[in-house]
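Structural overview
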Amino acid sequence: MGTPGSSGGPGPTRARRRRRVLWGKDAQYHYTDPARSWSSLALLVITLLLLAAIGGSWWQTQFQAIASGSYVPAQTIVVAFDLGGSVRCATTGWSGNFNPCVNITDRQVGTRGEVYAGMNDVIIALTVAGAIACLLATLGMLGVRISRVQLTLEILLVLCLAIVPFGLMGISAALGPGPQASSYCTFLSANVTSCPYFWGGSSAGTIPGSCTTCFLTLGWGSGVAFYEALGAAILAAVTVGFLWRGRHGPFTVAENRAWLQSNEPLKLPAATAPTEFVPGAPGPPAPPGRPPVSALHPRLRISGRPWNCPQCGRVNSGWARICTSCRGERPVDPPPGRAR
């Protein structure tokens, strides 16, 4: 096997050059934590979910007129209360001179409007925090690890991304729809209900312009932005759990070097120089096999070039210790200077 960059094989990739800088020219093993690598992708998804939730529908109520026999909504009215304090009203299947959205304002008033405006500011701040945490995780995955504070700050930010959205949801559910939303529910249901709880549903009465032969219902509950924030919080809770579990593992270059010295795997026997073949003379003893996989630390990874399994011929990654097809042992690498 030729040395990297020589005529015996292709030059080193960028990842292998990075390993050489971090761990030394002859090091073949290093500490890995899959949670730290996957956290960058998880944080990207969390940030995108929070970004989509900004200004989105947090609570909404929906009136439906369902045609008898077909069970298909013939008329709908959706009133959405958005983060930031705006109110949107949309209708389908409505005809005639009466517009059911005419008496619905486009802004939330009073304390409830201030609450929704404040929650939107919190979602914006969480989006920024998610972007910073994603950047820290990506830098760590790429090998830029200046201090352990980098990992600690990432874990704290992810913890905030998990706790704060749940707090916003709990406050919203405890406060309920509010007076303005309750008045809209009373109007849309023809005085049947005022939406007393955050989630619910009820039959509705006939309102001006509605279908008189249809089954009328009114439902209310969380909007799209609510579920986007919920998905971000759940994913953040899972991510911070895995990061917290491996928080004591080595992170900086100095910590990894110290860990490598105390967890160095078994050394393979040194290869002997080839001897000249003499007809009739006994051949050299067979080289000893490599140590079993169980002798290696479970969190060690083997670096090197891709290798062919001697049993099934499958080409395996240079990081694989056993064949991914037949589970056969990885052969001992030939001495430097020999062809693979």
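What comes next is a walk through the structure. Worth saying up front: this structure is predicted, and the values here are computed from it rather than measured. (Residues numbered from 1 in each chain as written. Predicted model: local features only at pLDDT ≥ 70, side-chain atom pairs only at ≥ 80, totals over all residues. Heavy atoms only, no water.)

A few words now on the pattern of salt bridges. Scanning the entire structure with this criterion turns up two salt bridges. When the shortest N-O distance is used, the salt bridge between R36 and D33 registers 3.5 Å. Under the relative-accessibility criterion, D33 is labelled buried at 11%. Ionic pairing is found between D82 and R88, a salt bridge with its closest N-O pair at 2.6 Å. (Salt bridge = Lys/Arg side-chain N within 4 Å of Asp/Glu carboxyl O. Buried < 20%, exposed > 50% of the residue type's maximum accessible area, 1.4 Å probe, protein only.)

For S57, the position within the fold is in strand β1 (residues 57-66). Judged by its relative accessible area of 6%, S57 falls in the buried class. Separated by 165 residues in sequence, S57 and S222 have C-alpha atoms that sit 7.9 Å apart. Beyond its immediate stretch of four places on either side in the chain, S57 contacts A80, F81, D82, R88, G223, V224, A225 and F226. (Helix = DSSP H or I, 4+ residues; strand = E, 2+ residues; numbered from the N terminus. Contact = heavy atoms within 4.5 Å.)

As a further point, take helix α2 (residues 34-53). Residue pairs spaced three or four apart in an α-helix point in one direction, given the helix's 3.6 residues per turn. Taking 1.5 Å as the rise per residue, α2 with 20 residues should run 28 Å; its terminal C-alpha atoms sit 29 Å apart, in good agreement. At S40, α2 shows its maximal kink, close to 30°. Those residues of α2 lying buried are A35, R36, S39, S40, A42, L43, I46, T47, L50 and A53. Along its buried surface, α2 packs onto α3 (110-141), α4 (148-175) and α6 (224-245). At the exit of α2 stands G55, carrying a positive phi of roughly 70°. (Expected span 1.5 Å × (residues − 1). Bend = angle between axes of the 7 residues up to and from the residue.)

All right, on to the nonpolar core then. Inside soluble globular proteins, nonpolar side chains tend to come together where they are buried. Among the nonpolar cores identified, the biggest contains 53 residues, and W58, W59 and F63 are the most heavily contacted of them. Taken together, the elements giving at least two residues each to this core come down to α2, β1, β2 (73-82), α3, α4, α5 (179-188), β5 (215-222) and α6. Here this core gets nine residues from one element, more than from any other, and that element is α3. (Core = buried A, V, L, I, M, F, W, Y, C linked by side-chain atoms within 4.5 Å.)

Relative to each other, α2 and α4 sit at 40°, their axes nearing to 12 Å. Judged by the inter-axis angle, α2 sits oblique to α4. The handedness of the crossing between α2 and α4 comes out as left-handed. Contacts between α2 and α4 involve R36, S39, L43, I46 and L50 on the former and, on the latter, L151, E154, V158 and L161. (Axes fitted to C-alpha atoms, helices over the stretch in contact; angles between N-to-C directions. Parallel < 35°, antiparallel > 145°, perpendicular 65-115°, else oblique. Left-handed = near helix turned anticlockwise from the far one by under 90°.)

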